[in-house]
Amino acid sequence: MPLKSVIEAVREAMLEEMRRDEKVFVMGEDVGLRGGVFLATQGFLEEFGQARALDTPLAEASIMGIALGAAFRGLRPIPEVEFADFVWPSVNQLIGEAARVCYGTNGALSVPMVVRIPYGGGIRGGLFHSQNVEAYFCHTPGLKVIAPATPYDAKGLLKSAIRDDNPVVFLEHKKTYRLVRGEVPEEEYLLPIGKADVKRAGDNVTVVSYGLMLHYCLEAAEVVAAEGIDVEVVDLRTLKPLDKETVVESVKKTAKLLIVHEDNLTGGVGAEVAALVADEAFEYLDGPITRLCGPDVPTMPFAQPLEDAYMPNTEKVAEALRKLAAY
Amino acid sequence: MTQAKPRSPKTSRKGKATGKSTGENRAVGFPEGLTEQDLLNSYRQMVLVRKTDERVWMMNRQGKVPIAASCQGHEAAQLGSLLAAQQDGDCFLFPYYRDLAIKMMVGLSPTQVMLSFMGKVGEPYSGARQFPLQGADLEHRVIQISNVVGAGLTQAVGYALGCRMLGDDTVVLAYLGDGATSQGETHEAMNFAGVHRLPVVFVCENNRYAISVPQSLQMAITDVASRAEGYGFPGVVVDGMDLVQSYQATREGIKHARSQGPVFLEMKVERLMPHTTDDDDRRYRGDDEVEQARLRDPLVTFPAYLKEQGILTDQEAEEINAEAQRAVNEATDVAEAASPPDASDMLSHVYAP
Ligand SMILES: Cc1ncc(C[n+]2csc(CCOP(=O)(O)OP(=O)(O)O)c2C)c(N)n1
Ligand SMILES: [Mg+2]
């Protein structure tokens, strides 16, 4: 199988879906002429024309609202938010409106829209090019939230998201774009939304993660394996709806749970996973549910030591695994 | 009934705001495109809407309708624009919460409207999940998702974009209040519509109030239509208390939108009631102001005009009123007897299947 990067997988997923279905189109800042600031839509203007590789004015509320209106007419827009940090002007349309459309029309209307959002830090992006925004969307009924870690998952999930009739927030970790490469089959495939993936099987500790952090968890699992700690790594892949079954099954087997994410600790996805396991696997637990997350500061700062201090990494994950395994 | 006499057109303020007109010559004579039957029908609609509006207000006081936003004073603007849209035959509407006349007269029965206000089974827009007549009535090509002032405008523009992408000839009518013109999203919607010359008619029902905040604290200009020029399309000031003028402006607006791109119509209207059933407007405006406004009530001026034109007799007017009252009474009875939704409905339709 050919090796591809995450950004190549993302681009291919859209390309295939746009070739398959004329109603699918991309829109956003710089998605046309430039092919996207991360080149996710490179060549789309040439192949699909201006209407389906639509360079919009620099105005996120209208990018989202216009996508929504086009979806009402039966199109399947893929609005791109240039960086997650710039999603805030559009949240009225996304959280306020899009998420409520199906419910608020008694099912008469739905919103087949995928909002692509490059997110995340560890790239010296400072406060306004590093943000993790997932928790806000995960809190919102009516939205689905996907955060893949690998090229294979990114492609299969993005294709499914484009075919889904609900508004999907599709989070692509910027640091994984070119750093993470993996096998992607030539033939067409789809991956189910709402299904986690056990990326490494193990018996002693479960670690639940997603996005860039998933890779640190896998590395840390190898580090502690040499010390005799057998770690199971669960990649959530979809943050909403959560795959409760896979998480709970894993914890029932290992009796120990570590949750790792880059997003802030308080009210993050980890809090939800912790509550889930406390509810459904309490009697199986043999150690405290532990979270290793971004600290509660607004975003990872710019200066290298400050950014490093914020980011969870392989060493920090390994340390947390050792502590938990010792129970 | 005698043939309608030529109507001397009132001094039109069309085009004043931008110095442009939407480009149609306005012949002196019976209003172009209108028949006596149209006008009579609009009067029937106006009466039925007013009786409905008064009834739901009363039922609010009886504790039977949780909330209502009255369209009293806006009927001429709403029904005039709706008539133009219906004649055109290929318009899609994004009204706002004050557009009772539009939402009702696209084709809902008085009973459906009363079911909606009371939140009963059969509510046509949202299954009674939302405020009355809010959600979508796709059968009649109407969408209003939200209560968030200004939020529907980018959606309306997106709908028009979608229509263009699919090769439709549809024109979108997007309604908003004067307060809504201050929202950033309104700017974004108009800007995008202008850039892509999308077939959108923005219809601003300017009643000079956003709840209590007067126009002078909302904007530094007299005619918000003048903003349209900054988006590269015409803005037109219309006497929204006059159904014929509202009709004509919308009719021309629709033609312009389809052939050349967006238009902004500023319909100057009066809000004859408090903002909603929850508001007490004596806190911020004098009785005399409302009394003055009532002299221009379309329910007074429109039938007077029709009588003057020989289109309507006193007796016909009485019959029309009695008939509307009967319809509203019947609808009220049916809605009062109807069942509320089952509590289990609460969990459905969070996601599309
Ligand atoms: C974003 C937002 N802010 C505040 C409100 C509360 N609110 C509801 S209607 C309204 C006034 C709107 O005035 P205008 O747009 O002129 O319409 P009108 O009610 O006069 O027809 C306000 C402030 C709201 N619904 N949405
Ligand atoms: Mg107003």
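Residues numbered from 1 in each chain as written. Chains lettered and ligands numbered in written order. Predicted model: local features only at pLDDT ≥ 70, side-chain atom pairs only at ≥ 80, totals over all residues. Heavy atoms only, no water.

Draft legend 1. Structural context of the pairing of strand β11 (residues 231-235) of chain A. Residue and element names in this part refer to chain A. With five of its five residues buried, β11 lies for the most part within the structure. Here β11 shows a buried face lined by V231, V233 and D235 and a second buried face lined by E232 and V234. As paired strands, strand β9 (residues 197-200) and β11 are joined by three bridges and run antiparallel to one another. Looking across to β11, one finds that R200 is bridged to V233. In the classification by handedness, the crossover that spans strand β10 (residues 205-209), the intervening helix α8 (residues 212-225) and the parallel β11 is right-handed. (Buried < 20%, exposed > 50% of the residue type's maximum accessible area, 1.4 Å probe, protein only. Helix = DSSP H or I, 4+ residues; strand = E, 2+ residues; numbered from the N terminus. Pairing = 2+ DSSP bridges. Right-handed = clockwise from strand over helix to strand, strands pointing away.)

Draft legend 2. Spotlight on the interface of chain B and chain A. Across the boundary between the two partners, chain B contributes 38 residues, which contact 40 residues of chain A. The contact between chain B and chain A buries some 3,100 Å² in all, and 66% of this surface belongs to carbon and sulfur atoms. When the buried area of chain B at its contact with chain A is split by residue, M165, F192 and Y351 of chain B rank highest and sum to 19% of it. Applying the counting criterion to the chain B and chain A interface returns one salt bridge. (Contact = heavy atoms within 4.5 Å. Buried area = accessible area lost by both parts, 1.4 Å probe. Salt bridge = Lys/Arg side-chain N within 4 Å of Asp/Glu carboxyl O.)

Draft legend 3. Fine view of the pairing of strand β4 (residues 171-177) of chain B. Residues and elements named next belong to chain B. Burial analysis of β4 places seven of its seven residues in the buried class, which makes it a mostly covered element. Side chains V171, L173, Y175 and G177 of β4 all project onto a buried face; the interleaved residues V172, A174 and L176 project onto the opposite face, where all are buried too. Taken together, the four bridges between strand β1 (residues 91-94) and β4 define a ladder with parallel strand orientation. Counted as the bridge partner of C91 is V171 from β4. Where β4 meets strand β5 (residues 200-206), six bridges bridge the pair, whose relative direction is parallel. Of the residues in β5, the one forming a bridge with Y175 is V203. Of the crossover connections in this fold, the one passing from β4 over helix α6 (residues 184-195) to the parallel β5 is right-handed.

Draft legend 4. Fine view of the environment of M300 of chain A. All names here are of chain A. Here M300 is to be found in the loop between β14 (290-294) and α11 (304-310). A C-alpha to C-alpha distance of 6.2 Å links M300 and L127, two positions 173 residues apart in sequence. Excluding anything up to four places from it in sequence, M300 contacts G121, G122, G126, L127, S130, N132, E262, E307, Y310 and M311.

Draft legend 5. Region of interest: the packing of aromatic side chains. Throughout the structure, instances matching the rule amount to 15 aromatic pairs over all chains. Relative to F302 of chain B, the ring of Y43 of chain B lies with its centre 6.4 Å away and its plane at 55°, an arrangement referred to as tilted. Pair noted here: Y43 of chain B is in helix α1 (residues 36-61) and F302 of chain B is in helix α9 (residues 298-308), with a separation of 259 residues, a long-range link. Accessibility classification places Y43 of chain B together with F302 of chain B in one group, the buried group. Centre to centre, the rings of F302 of chain B and Y305 of chain B are 6.3 Å apart; their planes meet at 25°, and the pair counts as stacked. In this pair, F302 of chain B and Y305 of chain B both sit in helix α9, three residues apart, roughly one turn of the helix. Summarising the burial analysis for this pair, F302 of chain B and Y305 of chain B share the class buried. Every member of this aromatic cluster is reached through a ring pair, and the members are F38, F83, F86 and Y177 of chain A. The ring of F302 of chain A carries the charged tip of R124 of chain A above its face, separated from the ring centre by 4.8 Å. (Phe/Tyr/Trp six-rings, centres within 6.5 Å; stacked < 30°, edge-to-face > 60°. Lys NZ or Arg CZ within 6 Å of the ring centre and 35° of its normal.)

Draft legend 6. Summary view of the coordination of the magnesium ion (ligand 2). Residue and element names in this part refer to chain B. Protein-derived coordination of the magnesium ion (ligand 2) comes from D178 (OD), N207 (OD1) and Y209 (O), at a distance range of 2.0 to 2.1 Å. When the donors of the magnesium ion (ligand 2) are listed by position in the chain, the intervening gaps give D-x28-N-x1-Y. Of this pair, D178 sits in the loop between β4 and α6 while N207 sits in the loop between β5 and β6 (209-210), and the two are 29 residues apart along the sequence. Its relative accessible area of 3% is what places N207 among the buried residues. (Donors = N, O, S within 2.8 Å, 3.2 Å for Na, K, Ca; no water.)

Draft legend 7. The pattern of salt bridges, seen in detail. Summed over all chains, the structure comprises 41 salt bridges over all chains. One salt bridge connects R163 of chain A with E188 of chain A, and the closest N-O pair in it is separated by 3.5 Å. Of this pair, R163 of chain A sits in helix α6 (residues 151-163) while E188 of chain A sits in the loop between β8 (181-183) and β9, and the two are 25 residues apart along the sequence. K307 of chain B serves as the salt-bridge partner of D314 of chain B, at 3.0 Å between the closest nitrogen and oxygen. Given the relative accessible area of 52%, D314 of chain B is considered exposed. A residue is classified by how much of its surface remains accessible, and K307 of chain B, at 34% relative accessible area, is partly exposed. Taken together, the salt bridges that share partners define one network made up of K4, E12, E16, E17, R20, K155, K159, R163 and E188 of chain A.

Draft legend 8. Layout of the side chain of T186 of chain B. Within the secondary structure, T186 of chain B is located in helix α6. Sequence-distant contacts of T186 of chain B, defined by excluding residues within four places in its chain, comprise G150, L153, L176, A180 and T181 of chain B.

Draft legend 9. Summary view of the site of ligand 1. Residue and element names in this part refer to chain B. Neighbouring ligand 1 are 16 residues, the closest being Y96, Y97, R98, G179 and Y209. Within the side chain of Y96, a nitrogen or oxygen atom sits 2.6 Å from an oxygen atom of ligand 1. Within the contact set of ligand 1, an oxygen atom lies 3.0 Å away from a backbone nitrogen or oxygen of A180. Relative to its unbound accessible area of 590 Å², ligand 1 is 72% covered by the protein chains. Here the shell around ligand 1 is built from residues that sort into eight nonpolar, six polar and two charged. (Near = heavy atom within 4 Å. Polar contact = N/O pair within 3.5 Å; in protein donor to acceptor, adjacent residues only side chain to side chain. Areas by Shrake-Rupley, 256 points an atom, 1.4 Å probe, with all protein chains shown as cover. Nonpolar A, V, L, I, M, F, W, Y, C, P; charged D, E, K, R; others polar.)

Draft legend 10. Region of interest: empty space enclosed by the protein. Residue and element names in this part refer to chain A. With the rule as written, the count across this model stands at one cavity of 30 Å³ or more. Along its surface, the largest cavity is lined by Y119, N132, E134, H173, Y210, G211, L212, M213, H261 and E262. Breaking the lining of the largest cavity down by element, the ones donating at least two residues are α8 and β13 (257-264). Split by residue class, the lining of the largest cavity holds four nonpolar, four polar and two charged. (1 Å grid on protein atoms, 1.4 Å probe; cavity = no way out; pocket = protein on both sides within 12 Å on 5 of 7 lines; lining within 4 Å. Points joined across faces, edges and corners; volume = space filled by probe spheres on them.)

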